[in-house]
Amino acid sequence: MKIALMDSGIGLLAAAAAVRRARPDADLVLSSDPDGLPWGPRDAEGIIERALQCARAAAARRPDALIVACNTASVHALPALRADLEPALPVIGTVPAVKPAAAAAVRTGGRVAIWATPATTGSPYQRRLIDEFGNGADITPVPCHGLADAVESGDEDLITAAVQAAAERTPADVETVVLGCTHYELVGNRIREALRGTRTEGPALQGSAAAVCAQALRRAGTRPDPGAAPTGDLTVLHSGRVAALPEAALTYAEGRLLAAAPASLA
């Protein structure tokens, strides 16, 4: 079995690590676009163009499913990707976990924050998610200026500064934070600690990696098997070229987990 993932950069690491943990025997293809990142500032047409190139490079490796491990690409390019690749290749998009976070908040009366890029925070897409799935919960959108870029760089000081700046814009009594960018899951512990305040623990975090992993395995016609033999290999594509994991990926536990697999250079 082979699962492919795509993103402009290393935001795909969290979902890829989730797949590796769920199916250690699965081969993984990580298709990113260092020549074209960041995708966020591009217009919709530009995002679709870069996403299609990235997806086609992954599809050429004949995976059983493709995870679009990028909120920006899922918002703007998912219909185009599905039109181009399905039904031969199942395509799984990434949606911020507003629905489960809001449902939990309604039960407990707690507050929710959505951490996302500034472009996503102000987008009709996020407003529709809140309107459709917010269920009356108290939800605060928080624009996280520079956080995705800081995570992409792996620079500790930039990450700390960006996390702290977003934490200062987040209500102190928030109980759940929806991570509306796949990059943010790589620094979840730092986000929780920055928001802990005087509490024993920080707020709960709602990412998307586990959900898209489960959906990808289902669409590929299989199930999780964490005890399977760790035989899966790793193919890394940079704008279509076979490459190695970037150095910044090894900053994160997810990147180090993936780096332990044998590399496929074919």
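Above this note sits the structure.
From a predicted model like this one, the values you see are computed outputs, not experimental measurements. (Residues numbered from 1 in each chain as written. Predicted model: local features only at pLDDT ≥ 70, side-chain atom pairs only at ≥ 80, totals over all residues. Heavy atoms only, no water.)

Moving on to the packing of helix H2 (residues 44-59) against helix H3 (residues 71-85). Between H2 and H3, the shortest axis-to-axis distance is 9 Å and the interhelical angle comes to 55 degrees. Overall, the two elements H2 and H3 adopt an arrangement that is oblique. Pair H2 / H3 crosses with right-handed handedness. Between H2 and H3, the residues in contact are Ala44, Ile47, Ile48, Ala51, Leu52, Ala55, Arg56 and Ala59 and Thr72, Ala73, His76, Ala77, Ala80, Leu81, Asp84 and Leu85, respectively. When grouped by side-chain class, the residues that make up the contact of H2 with H3 number twelve nonpolar, two polar and two charged. (Axes fitted to C-alpha atoms, helices over the stretch in contact; angles between N-to-C directions. Helix = DSSP H or I, 4+ residues; strand = E, 2+ residues; numbered from the N terminus. Parallel < 35°, antiparallel > 145°, perpendicular 65-115°, else oblique. Left-handed = near helix turned anticlockwise from the far one by under 90°. Contact = heavy atoms within 4.5 Å. Nonpolar A, V, L, I, M, F, W, Y, C, P; charged D, E, K, R; others polar.)

Applying the stated criterion across every chain, the model contains two cavities of 30 Å³ or more. Considered as a void within the structure, the largest cavity measures approximately 70 Å³ in volume. Around the largest cavity, the lining residues are Gly9, Ile10, Leu12, Leu13, Leu30, Ser31, Ser32, Val236, His238, Leu245 and Pro246. Taken together, the residues of the lining of the largest cavity break down into seven nonpolar, four polar and no charged. The space that makes up the second largest cavity amounts to roughly 40 Å³. As for the second largest cavity, its lining consists of Gly11, Ala14, Ala15, Ala69, Thr94, Thr182, Glu185, Ser208, Ala209 and Val212. For the lining of the second largest cavity, the secondary structure elements donating two or more residues are helix H1 (13-22) and helix H10 (209-219). Partitioned by chemical class, the residues of the lining of the second largest cavity number five nonpolar, four polar and one charged. (1 Å grid on protein atoms, 1.4 Å probe; cavity = no way out; pocket = protein on both sides within 12 Å on 5 of 7 lines; lining within 4 Å. Points joined across faces, edges and corners; volume = space filled by probe spheres on them.)

Let us now look at the sheet that holds strand S5 (residues 111-116). Sheet architecture is open: four strands sit in the order S6-S5-S7-S8, paired in parallel fashion. Of all the strands in the sheet, the pair left with one neighbour each is strand S6 (138-143) and strand S8 (204-206). With direction set aside, neighbouring strand axes in the sheet form an average angle of 25 degrees. (Pairing = 2+ DSSP bridges.)

Once that is clear, we can look at the sheet that holds strand S4 (residues 91-92). Two strands in a sheet stick together by hydrogen bonds in their backbones, pointing the same way (parallel) or opposite ways (antiparallel). Pairing is mixed in the open sheet, where six strands are placed in the order S4-S3-S1-S2-S9-S10. Unpaired on one side and paired on the other, S4 and strand S10 (241-243) mark the two borders of the sheet. Where strand S1 (residues 2-6) meets strand S2 (residues 27-32), five bridges bridge the pair, whose relative direction is parallel. Its bridge partner lying in S2, methionine 6 is registered against serine 31. In the packing of H1 onto the sheet, the strands contacted are S1, S2, strand S3 (65-68) and strand S9 (234-238), and the crossing angle to S2 comes to about 175 degrees. Relative to the sheet, H2 contacts S1, S2, S3 and S9, its axis offset from that of S2 by approximately 155 degrees.

What follows deals with helix H4 (residues 98-108). Those residues of H4 not exposed but buried are Val98, Ala101, Ala102 and Ala105. All buried residues of H4 project into a common sector of 95 degrees when viewed along the axis, lining one side. Seen from the buried face of H4, the exposed residues on the opposite side, beyond 90 degrees, are Lys99 and Arg107. Glycine 109 lies just past H4 and shows a positive phi near 80 degrees. (Buried < 20%, exposed > 50% of the residue type's maximum accessible area, 1.4 Å probe, protein only. Arc of directions from axis to C-beta.)

Approximately 400 Å³ is the volume attributed to the largest pocket. With four residues, helix H7 (residues 147-153) is the single largest residue contributor to the lining of the largest pocket. When grouped by side-chain class, the residues that make up the lining of the largest pocket number twelve nonpolar, eleven polar and three charged. Of the pockets and cavities examined, the second largest pocket occupies roughly 260 Å³. Forming the boundary of the second largest pocket are 18 residues, of which Ala14, Arg21, Glu185, Ala209 and Glu254 lie nearest the centre. Contributions of two or more residues to the lining of the second largest pocket are made by H1, helix H9 (188-194) and H10.

By size, the foremost hydrophobic cluster in this structure holds 52 residues, and its most contacted members are Leu5, Leu13, Trp115 and Tyr184. Ranked by residues supplied to this core, first place goes to H1 with seven residues. For tyrosine 184, the contacting residues outside a window of four places in its chain are Trp115, Ala116, Thr117, Cys144, Leu147, Ala148, Leu179 and Ile191. Ranked by size, the runner-up nonpolar core spans 22 residues in total, among them Ala4, Ile47, Leu66 and Cys70. (Core = buried A, V, L, I, M, F, W, Y, C linked by side-chain atoms within 4.5 Å.)

All right, on to H2 then. With 16 residues, H2 should reach 22 Å at 1.5 Å per residue; the first-to-last C-alpha distance of 22 Å fits that figure. Restricting attention to buried positions, one finds in H2 the residues Gly46, Ile47, Arg50, Ala51, Leu52, Cys54, Ala55, Ala57 and Ala58. On its buried face, H2 sits against S1, S2, S3, H3 and S9. (Expected span 1.5 Å × (residues − 1).)

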